Amino acid sequence: MEIIKDACENWGFFELINHGISHELMDTVERLTKEHYQKCMEQRFKELVATKGLEGVQTEVNDLDWESTFFLRHLPQSNISEIPDLQDEYRKVMKEFALRLEKLAEELLDLLCENLGLEKGYLKKAFHGSKGPNFGTKVSNYPPCPKPDLIKGLRAHTDAGGIILLFQDDKVSGLQLLKDDQWIDVPPMRHSIVINLGDQIEVITNGKYKSVMHRVIAQTNGNRMSIASFYNPGSDAVIYPAPTLVEKEADENNNLYPKFVFEDYMKLYAGLKFQAKEPRFEAMKAIESNVNVGPIATA
Ligand code: OGA
Ligand code: NI
């Protein structure tokens, strides 16, 4: 509990082993993901690179990422059966993996609650909204890149949501987190799951825990697989700092994080993902105070 607490307070990231998810299941997920990439995604990615002339760029590219991805949604309703080009076995295995990750995410949220002195179930409840949490998976491959200094695998960002569980390639590295203004590698560790905290945990803890900037550097050799699962609040969940974590002086100094509907935050995030999170929090605060002053008088 102490180690997790330190990680949450000072890193926003930690790496889990002995997480209880079977290594055999993870191996199957990895194998099927790599097969699917080669069969259905690789050619498409190469064509995109050719069309955009990305092989030969001479200056930094800031409007796209060197990644090949697709998304699966699990909660509130699975869309796995509607995703084209997936083998039945792959669909089945990803459903099973998602179910394990969902349980793990909820266990982790309760460990966070315990460390924060919040009642058990507080975070799960805070994420619930009317339909339960949003839970989805981004399946990515970062193909070998001839110009990794000019095009990022994934540009620096913090994650918007709650808690993120990442199953990354066991050999090809690339993930980095920002700590004290330095980029630090999150190296591959077989069968581990990397956990990181999103903006919503920062808001609910009123900044006790912070979402941390991270990015992916594509490698010149080797394709990196990453499967990131996002356990997020439900769209209509109202997110705000837990009252017991708000200190009086901070409140007086107006250092309080905002209160908002999660969906509204996501709409804002969509256009500002690769920018600092602080302006996002400020924008939500501005909206909140507009709501609080009531209707604007007209005529
Ligand atoms: C993300 C992310 C990291 C990775 O999708 O938000 O940070 O290793 N992914 O793919
Ligand atoms: Ni991320």
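Because the structure is a prediction, the values reported are computed rather than measured. (Residues numbered from 1 in each chain as written. Chains lettered and ligands numbered in written order. Predicted model: local features only at pLDDT ≥ 70, side-chain atom pairs only at ≥ 80, totals over all residues. Heavy atoms only, no water.)

A closer look at the overall build of the chain
Applicable threshold: Secondary structure follows DSSP: runs of H or I at least 4 residues long count as helices, runs of E at least 2 residues long count as strands, and numbering of each begins at the N terminus. The globule rule used here is 2.2 Å times the number of residues to the 0.38 power, and the radius of gyration it is set against is calculated over C-alpha atoms. Per-residue accessibility, obtained with a 1.4 Å probe over protein chains only, is compared with the maximum for each type, and a residue is labelled buried under 20%, exposed over 50%, and partly exposed between these values. Here, two residues are considered to be in contact whenever any of their heavy atoms come within 4.5 Å of each other.
Regarding its fold elements, the chain presents eight helices and 12 strands. Taking 299 residues into account, the globule formula puts the C-alpha radius of gyration at 19 Å, and the chain, at 20 Å, falls close to it. By its C-alpha atoms, the chain is 55 × 45 × 40 Å across when sized along the principal axes. Here the chain holds 299 residues, and the buried ones make up 51% of them. Here the contacts in the chain between residues at least 6 apart in sequence split such that 81% fall between residues at least 24 apart.

Some details on the side chain of Glu 102
Looking at the element boundaries, Glu 102 is found in helix α3 (residues 88–116). On the basis of relative accessible area, Glu 102 is assigned to the buried category, the value being 12%. With residues up to four places along the chain from it excluded, the contact list for Glu 102 reads Leu 75, Phe 135 and Tyr 231.

Considerations on the site of ligand 1
Selection criterion: Being near a molecule or strand, for a residue, means having at least one of its heavy atoms within 4 Å of it. Whenever a nitrogen or oxygen atom comes within 3.5 Å of another N or O atom, the pair is scored as a polar contact, on the condition that within protein one atom can donate a hydrogen and the other can accept it, and that pairs from neighbouring residues in sequence are kept only if both atoms are in side chains. Under the convention used here, a 1.4 Å probe and the Shrake-Rupley method define accessible areas, while residue burial counts only the protein chains that appear.
Near ligand 1 you find Lys 138, Tyr 142, Leu 154, His 157, Asp 159, Leu 166, His 214, Val 216, Arg 224, Ser 226 and Phe 230, and these make up its full shell. With respect to ligand 1, the side chain of His 214 contributes an N or O atom lying 2.9 Å from an oxygen atom. Ser 226 is positioned such that a nitrogen or oxygen atom in its side chain is 2.5 Å from an oxygen atom of ligand 1. Protein chains shield 96% of the accessible area of ligand 1, which is 290 Å² for the free molecule. Looking at the shell around ligand 1, the elements with two or more residues in it are β3 (134–142), β4 (154–157), β9 (214–216) and β10 (224–232). Considering every element that reaches the shell around ligand 1, the biggest residue donor is β10, with three residues.

Some points on the UniProt feature "domain: Fe2OG dioxygenase" (unreviewed entry) in the chain
For clarity, the cut-off: UniProt positions are given in the numbering used here, feature names are shortened, and annotations may be inferred rather than shown by experiment.
Following the UniProt record, the feature "domain: Fe2OG dioxygenase" (unreviewed entry) maps to residues 133–233 here. Overall, residues 133–233 shows 6% helix and 45% strand. The separation of its end C-alpha atoms is 5 Å.

A short note on the coordination of the nickel ion (ligand 2)
The condition that has to hold: Water is not among the atoms examined, so metal sites may look incomplete; donors are the N, O and S atoms within 2.8 Å of the metal, or within 3.2 Å for Na, K and Ca.
Surrounding the nickel ion (ligand 2) are the protein donor atoms His 157 (NE2), Asp 159 (OD) and His 214 (NE2), at 2.1 Å. All donor residues of the nickel ion (ligand 2) come from one chain, and their arrangement in sequence is H-x1-D-x54-H. Each of the two residues, His 157 as well as Asp 159, counts as buried.

Regarding the sheet that holds β3
Here is the rule: Two strands are said to pair when DSSP picks up at least two bridges between them. Interaxial angle, 0 to 180 degrees, is taken between N-to-C directions of lines fitted to C-alpha atoms, where a helix line uses only the stretch in contact.
Strands sit in the order β1-β8-β5-β10-β3-β2 across an open sheet of six strands; the sheet is antiparallel. Edge positions in the sheet fall to β1 (13–16) and β2 (68–75), since each has one partner strand and no second. Neighbouring strand axes in the sheet, compared pairwise and without regard to direction, differ in orientation by 20° on average. Running over the sheet, α3 touches β1, β2, β3, β5 (163–168), β8 (193–197) and β10 and is turned about 135° from β5.

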